[in-house]
Amino acid sequence: MSHSIRDNLKRLLAPRHLAFVGGRSMARALKRCAEGGFAGQMWLVNPQHESLDGVPCVPSVAELPCGPDAVFIATNRDLTLQCVKDLAAIGAGGAICYASGFAESGEQGRVLQQRLLEAAGSMALLGPNCYGLLDYLHGAALWPVAHGGKQVEKGVAILTQSGNFAYNLSMSDRSLPVAYMASVGNQAQLGVAELMDVLLDDPRVTAIGLHLEGLKNVPGFARAAHKALERGIPIIALKTGVSQIGAELALSHTSSLSGSDALYDSLFQRLGVIRVSGPVSFAETLKAAACGHLPQDGRLIALACSGGDAGLIADYAERNHLALPKLEQMQVDELAQVLPAYANLVNPLDFTTAIWGDGAALERMLDSALQTDADAAMLVLDYPAEFTGERKECDLLLGLYCDALQRHGKIGFVTSAFPELLPASARERLHARGIAALQGVEDGLAAWGRIVAYQRNRQRLLELGESALVPLCPQALGGQAQLLDEWQSKQALRAFGLPVPGGVLSTPEQALKDAARVGYPLVLKAVSAQLPHKTEAGAVALNLRDADALQAALEQMHGRIAAYAPGVPFDQVLLEPMAQAPLAELIVGIKRENDFALALVIGAGGVLVELLKDSVNLLLPTTDGAIRNAVLGLRSAGLLQGFRGRPAADLDALVAAIRAVADYACENAGQLLELDVNPLMVGAQGTTAVDALIRLGQAQGEQHA
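Note that the coordinates shown come from a computational prediction; the quantities given were computed from them, not determined experimentally.

Two elements in contact, helix 10 (residues 279-290) and helix 16 (residues 441-464), have axes whose closest approach is 8 Å; the angle formed by their N-to-C orientations is 60°. On the basis of the axis angle, helix 10 is oblique to helix 16. When you trace helix 10 past helix 16, the crossing you get is right-handed. Each of Val 280, Ser 281, Glu 284, Thr 285, Ala 288 and Ala 289 in helix 10 lies in contact with helix 16, whose residues at this interface are Asp 443, Ala 447, Trp 448, Arg 450 and Ile 451. The class makeup of the residues in the contact of helix 10 with helix 16 is six nonpolar, two polar and three charged.

Okay, structure coming up:
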């Protein structure tokens, strides 16, 4: 992103003046900005009317008194092109293109989108085919229809590929403090990565929520997410397209789907991105982060006025790895003076309804409970319906709780057993005090647990150093693929430090003579790029103890290959010393996802590959620490750690061997299609790759060479 586009995006996100280009709906949009508190100048551009709905019109962009900081263009696609060109000419900051019919509609649309980009020049461009931008920090709603939400002093930024999702979220009854909400559409110029990068420079943005089908710019996203990790700004992602049908829908919708879902998980884990499963967990987790005061650890003092609620808290806290530390004796003694004899003085504390509505007693209870070294507190509070007239007691407790948190220097949240029983008035009071109002005790504790896990993980990820490495994003390759045979594959990897058996490349005629150099017992393999699956072809013979056994194996192999693959010559063989029985067999491979990532796959190898489906993906480049964590994260890792009295594996040697594969892949990323080392024999002293396969393609520029 050139410097000037970035500067213009900053103008778009903090506009001093707005312009709307279009008809009656734009007059209404302009009025909504005035009602929403936008203080700057606004213009409506329309050549056919002197005024619309009482809003005077400027006949053309050229006649605007200056280049507006932010413009919403609601005209058809052909007029949009001209309008963008005219706005760029008068030095406008940024424009939102509402029109569809661009790259999402086929080849002709792609050509038009390219022209649109050229017309914009260094002006910031959001869209096309997008709903726009809601800016609640400045009261600027560059948006074609009504929206919920109101001005805030700080809050979360939400970027979505679905305009309807943004619209519904703005209308949801969740009191989520939103600073910005952008529908990104086709991301012709500005995408998720570019917006994140600039939003992270605003201290009023406390967290970023992403609703994604796919990422267009993985390296840019990774840079921005690393910046967020350094600054401690949580990123919460709701990624769709997990299912086969979901993936097909996403493909038809925005054509920006690449990377299998497992690789998105790897990308998010590497960068500390919190992945959620649905719209409710998305909103609640954003709320838990929205005030900007994040928990330092997972310890909670929990308060409820019923045993049933206390039971729910205990269960959901444990499920979300949150600790409920025991009350100190001093706290128990103090609480016993305030609460009835039947109160169970434990954490979570059921303070009973005996002191309900008694301000002095509630205050003493809160002061005793909050004298704890847990840094966070929670209160379960369900408001009755308004007609009961019993809400004032809830309001009393809410106010006392907020004051007590402040007095004791604690952060905290309030939640309700049922989502709808924490009314908007209570939520807004809490958010004004910087306290999260979470709806539903199950969703609330899950949301808090995610933020705690993020905080626990953040320092570890930064120290690991992997988040700072920009992932490789390989392009599609054309032309004929070339398969290296086992000998060539092993030699290529050996040059990068992968230990391979000390073998000899020979011929069937020369094999008996060369075997003396290798020594018995040995392994005989046919070498041919046309035999990638050697076992099925009968092209492997193990544990040959002497020259007679080798001679018999050579004759048998010749016959088997002739029957399995008649056209393949039997002219090269590999002789290797027979490997010791390993502690474990691993598979190490490389997976290429065009336009997304090159991934290192580490898994249980040998016969267990298909059965266990026990593997981890790491995006490249990676670090030794990340490789070690991945190996120890396998379900079969016990085999490497002295399982049942067996020796432990030499982990340093194993990490170095895997690192060699990663280094080869990074060096050859431009042409590497596929790589498999299976099995990698892991021993107590060292690690050896006994088989390897590499497939290379041609980089696009090489095809005509």
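For the protein, the assigned domains read domain 1 (1-129), domain 2 (130-265), domain 3 (300-466), domain 4 (503-577) and domain 5 (584-699). Its C-alpha centre places domain 1 at a distance of 51 Å from the equivalent point of domain 5.

The next subject is the state of the cysteines. Counted under the stated rule, the structure contains zero disulfides. The closest cysteine sulfur to the non-disulfide-bonded Cys 83 is located on Cys 97, 8.0 Å from its own sulfur. Overall, the relative accessible area of 7% leaves Cys 83 in the buried class. The structure places no disulfide on Cys 130, whose sulfur is separated from the nearest cysteine sulfur, that of Cys 97, by 7.2 Å. Classification of Cys 130 by relative accessible area gives buried; the value is 2%.

Turning next to the pairing of strand 30 (residues 692-698). With five of seven residues buried, strand 30 lies mostly within the body of the structure. Where strand 20 (residues 478-484) meets strand 30, four bridges bridge the pair, whose relative direction is antiparallel. Paired with Gly 478 across the strands is Gln 698, a residue of strand 30. Note that strand 28 (residues 672-682) and strand 30 share five bridges and pair antiparallel. Counterpart to Glu 674 in the pairing with strand 30 is Arg 695.

Parameters at a glance
Residues numbered from 1 in each chain as written. Predicted model: local features only at pLDDT ≥ 70, side-chain atom pairs only at ≥ 80, totals over all residues. Heavy atoms only, no water. Axes fitted to C-alpha atoms, helices over the stretch in contact; angles between N-to-C directions. Helix = DSSP H or I, 4+ residues; strand = E, 2+ residues; numbered from the N terminus. Parallel < 35°, antiparallel > 145°, perpendicular 65-115°, else oblique. Left-handed = near helix turned anticlockwise from the far one by under 90°. Contact = heavy atoms within 4.5 Å. Nonpolar A, V, L, I, M, F, W, Y, C, P; charged D, E, K, R; others polar. Domains from an automatic or database assignment. Disulfide = S-S within 2.5 Å. Buried < 20%, exposed > 50% of the residue type's maximum accessible area, 1.4 Å probe, protein only. Pairing = 2+ DSSP bridges.

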